[in-house]
Amino acid sequence: RDGRGVLLLIDQLKEMVTLAQGDERDAAAASLGRLIELCPRGVRVLATARSDLFDRLGSLGVLGALLGRATELVRPLSGSALREAIVQPARAAGATFEDESLVDEILEDVGAGEAALPLVAFAMSAWWETRDRERSVLTREGWRAVGGVNGALGAHAEAVFHALAATERRHARTVLLRLVASDGTRRYATRAELAELVGQVGEASDGSLERVLEALGRARLLNVEGAGHEANVTIMHEALARAWPRLET
C-alpha cells in the first residue's frame, strides 16, 4: 500500500529437486511458476540455488523454463571480499588475531566450491570459543585445536559421535547415511521412517533413536522440523557430508 511492493525470497530453491518429491514437488513448482508468470505489479520473486543444480531445476516445467531466462550467477567470495568475511566479524566483536598471517593461511585453506563458506563459518565459530578471553585474541594454538577450515566440522561431528553409547553410534551412522544422497546432497526422512530403518539393525524400542536425534540436533548436525512420527529430519548442511569421512559411502 505504501508503494514499496513485495519481495518473495525463496532460499535454497535446490531443495525442490534434492528434498521435495512427486506430487508435492510438482504442485509447488507449478504454483511458483504461475506466480512468476503473472507477476502482479509490485511483486518480485527472488530465488537462490547452487549452479550445479541448474539442469535439474530446469526440468520443473514452467518454473524451469522461467529460471532459464532469468538467472544471474553470483560468484564465490574471493580475495579481499573473502578476507573481510573472515576478519570483520571478529573485529566488530572487539577481537584481534594473534598473528595476521593466520588470515592468509585460512584463505589458502578455504579453496573454492559451494561448501567453502559454511565450513569457514563453522571453523570461525569454533575458533571463537577458544579465544584468549582476557585479551580477546584469536590464537594460533586455538586455530590448530579446532582443526582449521577443513577439520573443524569433521572433528566436531566425530567428537559428538564418540560421546554416544555403542548402540547409539550404530543408530547414528544408519540415520546419517540415510540422510545423505549419493551425490552428497541432503535427503530427508520422517522420524517414523528412521525408526523403521533402525529397527532393522538393532533395538528401536529402548529410546536410543530419540537420544541420537536429540544429541545430533543439539550439536547442530541434524535439523528436526515438526513433531511426532511425521517430523522431517535432515542434516544441517551438505558441507557435513564433505567434511566428515564417516559419511563416505
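For the structure itself, look to the data block above.
Residues numbered from 1 in each chain as written. Predicted model: local features only at pLDDT ≥ 70, side-chain atom pairs only at ≥ 80, totals over all residues. Heavy atoms only, no water.

## Some remarks on the overall build of the protein chain
(1) Moving on: For the protein chain, the count of helices and strands is 13 helices and seven strands.
(2) Moving on: Here the protein chain, with 249 residues, has 37% of them falling under the buried criterion.
(3) Moving on: Residue pairs at least 24 apart in sequence account for 67% of intrachain contacts in the protein chain once pairs closer than 6 positions are excluded.
(4) Moving on: Of the accessible surface of the protein chain, which amounts to about 14,500 Å², a share of 50% is contributed by carbon and sulfur atoms.
(5) Moving on: Separation between the mean location of the 30 positive side-chain charges and that of the 36 negative ones in the protein chain comes to 3 Å. (Helix = DSSP H or I, 4+ residues; strand = E, 2+ residues; numbered from the N terminus. Buried < 20%, exposed > 50% of the residue type's maximum accessible area, 1.4 Å probe, protein only. Contact = heavy atoms within 4.5 Å. Areas by Shrake-Rupley, 256 points an atom, 1.4 Å probe, with all protein chains shown as cover. Lys, Arg positive; Asp, Glu negative; His and termini not counted. Charge placed at Lys NZ, Arg CZ, Asp CG, Glu CD.)

## Brief notes about the nonpolar core
(1) Moving on: Among the nonpolar cores identified, the biggest contains 51 residues, and Trp143 and Leu222 are the most heavily contacted of them.
(2) Moving on: Leu13, Met16, Ala29 and Leu57 belong to the second largest nonpolar core, which has eight residues in total. (Core = buried A, V, L, I, M, F, W, Y, C linked by side-chain atoms within 4.5 Å.)

## A look at the packing of aromatic side chains
(1) Moving on: Within this structure, the stated rule accounts for three aromatic pairs.
(2) Moving on: Seen from their ring centres, phenylalanine 97 and tryptophan 127 are 5.7 Å apart, and the 50° between their planes marks the pair as tilted. Taken together, the residues phenylalanine 97 in strand β3 (residues 96-97) and tryptophan 127 in helix α7 (residues 116-129) connect sequence positions 30 residues apart. Comparing phenylalanine 97 with tryptophan 127, the two get one shared label, buried.
(3) Moving on: Between phenylalanine 161 and tryptophan 244 the ring centres are 6.1 Å apart and the planes differ by 75°, which places this aromatic pair in the edge-to-face class. Within this pair, whereas phenylalanine 161 is found in helix α9 (residues 148-162), its partner tryptophan 244 is found in the segment after α13 (239-243), the two being separated by 83 residues in sequence. Of the two residues, phenylalanine 161 and tryptophan 244, both sit in the buried class.
(4) Moving on: Through a chain of ring-to-ring contacts, the aromatic side chains of Phe97, Trp127 and Trp143 assemble into a single cluster. (Phe/Tyr/Trp six-rings, centres within 6.5 Å; stacked < 30°, edge-to-face > 60°.)

## Some thoughts on a nonpolar patch on the surface
(1) Moving on: A grouping of Leu7, Leu9 and Leu46 is seen on the molecular surface, where their side chains present a nonpolar patch of about 310 Å² in accessible area.
(2) Moving on: Considering the arrangement of structural elements, one finds leucine 46 in strand β2 (residues 43-47). (Patch = residues over 30% accessible without salt bridge, like charges linked within 9 Å, V, L, I, M, F, W, Y side chains within 5 Å. Salt bridge = Lys/Arg side-chain N within 4 Å of Asp/Glu carboxyl O.)

## Things to note about the pairing of strand β1 (residues 6-10)
(1) Moving on: Counting buried positions over the five residues of β1 gives zero, only a small fraction of the element.
(2) Moving on: In this structure, β1 lies alongside β2, joined through five bridges in parallel fashion. Bridged to leucine 9 within β2 is leucine 46. (Pairing = 2+ DSSP bridges.)

## Digging into the packing of α7 against α9
(1) Moving on: It is at 8 Å that the axes of α7 and α9 come closest, and there the two elements cross at 75°. When the axes of α7 and α9 are compared, the pair comes out roughly perpendicular. On α9, the residues touching Leu119, Val120, Phe122 and Ala123 of α7 are Gly148, Val149, Ala152, Leu153 and His156. (Axes fitted to C-alpha atoms, helices over the stretch in contact; angles between N-to-C directions. Parallel < 35°, antiparallel > 145°, perpendicular 65-115°, else oblique.)

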